[in-house]
Amino acid sequence: MPEEFVVTPWEVRGKVDYDRLIEQFGTQRIDAKLSERIRKHTGELHPLLKRGLYFSHRDLPWILDEYEKGNPFSLYTGRGPSSAMHLGHMIPFYFTAWLQKHFKANVWIQMTDDEKFWFRDFDTLEEATRVGYDNILDIIAAGFDPNRTRIFLDTEYIRKLYPIAVQIAKRITFSTARAVFGFDASNNLGQIFYTALQSVPCFLESIEQGRNVPCLIPCGIDQDPHFRITRDLAESLGFSKPALIHNKMMPGLKGLDSKMSSSAPDTAIFMTDSPEVAIVKIRNAFTGGRATEEEQRRLGANPDICSIFAYYTYLFAPEDRYWGDVETTCRGGQRMCGDCKMELANHVVRFLEEHKTRRERARDQIEKFVVRD
């Protein structure tokens, strides 16, 4: 019997059954009808939407209803700065920047240096903050509009956040936090309090504008538990419930049964990896290939279990025709895994080099994006 999967805001383990997760979390599937509503406003569908990698939502039709009435929505996403960022971390930021461009939305990006100090083995809070600023360079490089984007670190924006967090915290009992997150007597007080702070950015645009502004949160499905609590208390604070759109977690290079993870560096391509390091990781990746070349040419390979094909699907084959050709030639036995890996490596190296250029340019743009008390 396969290992039961685990999905929490701090741990993803095992082969995730996303159909079961929709049932467990009580979210709704993004179907073709809803995708077409999005296309009506954007003129195109992001590949992550077309391929079902953004697959689940809460109240997304309501967000579109409000937009169609002439009520713009804001966007909120964030990053827990525990390490250098890898490709999987970047997925929500690429998608959020795409939404910002097409819906002309204001974006709030929360950098939770406090959370990572409470939950991770940082010796000092200053270290978490330093990593946060390093991550901000990658986030800016994703293509956000500086006139519509505010990025903040919790510890540097706390005077703005804390009065709202206090009101939220009063409405969350420990029994609720324990039931949602599995907290027990071993958790420190910061960990227990933290979800109150992660709720606050849902309401910042409304507070700034002095009226209720709908909020949409693009995030990994693992972050949904935080916002179930937020949605339960939003109306008691006088705000609308935030809506969510969830992505599947990008798998690691060692197989589709695991999420790409900073704690297992060989499973991930980091945005600061050198071309040489990235190529070695890709060469060592798990594929759906056969035992021999003869067998693969005769029977074809299996992209459904292949880490390399997953990379094409998420980021490196944005054009459907090319993506379809990779899959067809893989299944048909015309494509050998070694060649496919090197083809992907070329895409990844070029991608990282372009990102590095944008990242260096971002050093001079930080003050256009970051807000502080």
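Above this text sits the structure in question.
Residues numbered from 1 in each chain as written. Predicted model: local features only at pLDDT ≥ 70, side-chain atom pairs only at ≥ 80, totals over all residues. Heavy atoms only, no water.

**With respect to the pattern of salt bridges**
- Across all of its chains, the model carries 25 salt bridges by this definition.
- In this structure, arginine 150 engages glutamate 208 in a salt bridge whose closest nitrogen and oxygen atoms are separated by 2.7 Å. With arginine 150 in strand β7 (residues 149–153) and glutamate 208 in helix α11 (residues 204–209), the pair connects residues that are 58 residues apart, well separated along the chain.
- Here arginine 150 falls in the partly exposed class, since its relative accessible area comes to 23%.
- Three or more residues joined by partner-sharing salt bridges are found here, namely Arg37, Lys40, Asp65 and Glu68. (Salt bridge = Lys/Arg side-chain N within 4 Å of Asp/Glu carboxyl O. Helix = DSSP H or I, 4+ residues; strand = E, 2+ residues; numbered from the N terminus. Buried < 20%, exposed > 50% of the residue type's maximum accessible area, 1.4 Å probe, protein only.)

**Observations regarding the side chain of asparagine 135**
- Here asparagine 135 shows up in helix α7 (residues 125–140).
- Since its relative accessible area comes to 0%, asparagine 135 is described here as buried.
- Those residues in contact with asparagine 135 that lie beyond four places of it in its chain are Arg79, Pro81, Ser83, Ala84, Met85 and Met111. (Contact = heavy atoms within 4.5 Å.)

**Things to note about the sheet that holds strand β5 (residues 74–79)**
- One open sheet holds the seven strands; their spatial order is β3-β4-β9-β8-β5-β6-β7, and the pairing between them is mixed. Single-partner strands in this sheet number two, and they are β3 (28–29) and β7.
- With four bridges connecting them, strand β4 (residues 54–58) and strand β9 (residues 243–247) associate as antiparallel partners. In the strand pairing of β9, tyrosine 54 is matched with asparagine 247. (Pairing = 2+ DSSP bridges.)

**Focus on the packing of aromatic side chains**
- Applying the stated criterion across every chain, the model contains 19 aromatic pairs.
- Centre to centre, the rings of phenylalanine 73 and phenylalanine 103 are 5.2 Å apart; their planes meet at 50°, and the pair counts as tilted. Placement of the pair is phenylalanine 73 in the loop between α4 (60–68) and β5 and phenylalanine 103 in helix α5 (residues 87–103), with a sequence separation of 30 residues. One exposure class covers both phenylalanine 73 and phenylalanine 103, and it is buried.
- A ring pair is formed by phenylalanine 309 and tryptophan 323, whose centres lie 6.1 Å apart and whose planes are at 15°; its orientation type is stacked. With phenylalanine 309 in helix α15 (residues 307–316) and tryptophan 323 in helix α16 (residues 320–332), the pair connects residues that are 14 residues apart, well separated along the chain.
- Taking relative accessible area as the criterion, phenylalanine 309 reaches 10% and is therefore assigned buried.
- By relative accessible area, which is 21% here, tryptophan 323 ends up partly exposed. (Phe/Tyr/Trp six-rings, centres within 6.5 Å; stacked < 30°, edge-to-face > 60°.)

**Some points on the pairing of strand β6 (residues 107–111)**
- When you tally the buried positions in β6, you get five out of five residues, the bulk of the element.
- Here β6 shows a buried face lined by Val107, Ile109 and Met111 and a second buried face lined by Trp108 and Gln110.
- Examined bridge by bridge, β5 and β6 share five bridges and lie parallel to one another. Across the sheet, the residue bridging to threonine 77 is isoleucine 109, located in β6.
- Sheet topology note: the β6/β7 ladder contains five bridges and is parallel. Counterpart to glutamine 110 in the pairing with β7 is phenylalanine 152.

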